[in-house]
Amino acid sequence: MLLTQSTTPIIGWIATLLGYVMEFIFYCLNFIGIQNIGLCIIIFTIIVRLLMLPLTIKQQKFAKISQVMQPEINKIQRKYRNKTDQASMMKQNEEISAVYQKYGVSPTGSCVQLLVQMPVLLALYQVIYHIPGYISGVRNVFTGLTAKIMSVDGFGSIISQFLTDNKITMTGISANTEFTKTTTIDFLYKLSPSQLEKFSQISDFSGFSDLFDKVAQQTSHMNTFLNLNISDTPLAIIKSGMAQGGAAGYLLVFSAAMVPILAWLTQWMNYKLMPQPKQAPNSEPSAMEASMKSMNTFMPIMSAVFCFSFPVGIGIYWVIGAVIRSI
């Protein structure tokens, strides 16, 4: 099995294709002397969003047409509001279908576009969450250290105990994981700099501390973006910055806090720019309209909340993706 790559049908296939795109970006940047996963994610997000542009345009067109159609649909629904017999319900559906035909759209048009985009979005998360599984240049950084760790008797139990003792949670990795070469590389990549340093201090691994230092330097170079480690979470960085104190520590806190704040701001900006259905004067908003309004308020807040516990790389993807959608 390839390192941490998704094996889910459709999502896994799309993730593999997107992984080739991500690896190509990393190769091109590395060719000109730049090794930075944060920059890779930004370029990757822009490319993928451009590839999805035709679907986005269709979705926006449907939203604009729906804005024009909604008053006519509301009028039909008011006409049959108190009529619950089968004949009236059938007549209502016929008249609403006629409105859709008049504007040349399908009632399920928006749903189909969302269904097409959903596997792509899930595949995107797979690639960003499991960078070593899709970028050989990143994977190769850990192969030497992984071989040394695996040469220690009971290395899997040592890793499991380390996860348990330090209450570390990772996506796809737990104390019950069977640690092979692939899962060990994934474990090492997902450790924050402070966790990697603590792991290197385990007495069983004391014989290759130099190799730990080398890997730490390389991963720090690749994963640091705007003074943040993209494999770490904003919450962990904030705690580290507060413990560090001083100007450097508080700058770290500010930078980490900006990730969820920008995630909220850009998502909120997206919803504000979306076409809103016209509401008749002095009329009560429909249940769907009220639900959409609540979601448009709630979802940006949830984006900020999630960003505190997700790796910074996911936050970068959300922010850049929202900016591109707004444009």
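Fair warning: this is a prediction, and the values are worked out from it, not measured in the lab.

1. Some remarks on the packing of helix H2 (residues 37-51) against helix H15 (residues 312-326)
- Running from amino to carboxyl end, H2 crosses H15 at an angle of 35°, the nearest separation of the two axes being 9 Å. Between H2 and H15 lies a crossing of right-handed hand. For the pair H2 and H15, contact is made by Gly38, Ile41, Ile42, Thr45, Ile46 and Arg49 and by Gly313, Ile316, Tyr317, Ile320, Gly321, Ile324 and Arg325, respectively.
- Residue classes in the contact of H2 with H15 are distributed as seven nonpolar, four polar and two charged.

2. Some details on helix H4 (residues 86-103)
- The terminal C-alpha atoms of H4, which comprises 18 residues, lie 26 Å apart, in line with the 26 Å expected from a rise of 1.5 Å per residue.
- Within H4 the residues assigned to the buried category are Ser88, Gln92, Glu95, Ile96, Val99 and Tyr100. An end-on view of H4 places all buried positions within 145° of arc, on one side of the element. Of the exposed residues in H4, those oriented more than 90 degrees away from the buried face are Gln86, Ala87 and Gln101.
- If you follow the buried residues of H4, they end up packed against helix H3 (53-79).
- The first or second residue beyond H4 is glycine 104, which carries a positive phi of 70°.

Conventions used here
Residues numbered from 1 in each chain as written. Predicted model: local features only at pLDDT ≥ 70, side-chain atom pairs only at ≥ 80, totals over all residues. Heavy atoms only, no water. Axes fitted to C-alpha atoms, helices over the stretch in contact; angles between N-to-C directions. Helix = DSSP H or I, 4+ residues; strand = E, 2+ residues; numbered from the N terminus. Left-handed = near helix turned anticlockwise from the far one by under 90°. Contact = heavy atoms within 4.5 Å. Nonpolar A, V, L, I, M, F, W, Y, C, P; charged D, E, K, R; others polar. Expected span 1.5 Å × (residues − 1). Buried < 20%, exposed > 50% of the residue type's maximum accessible area, 1.4 Å probe, protein only. Arc of directions from axis to C-beta.

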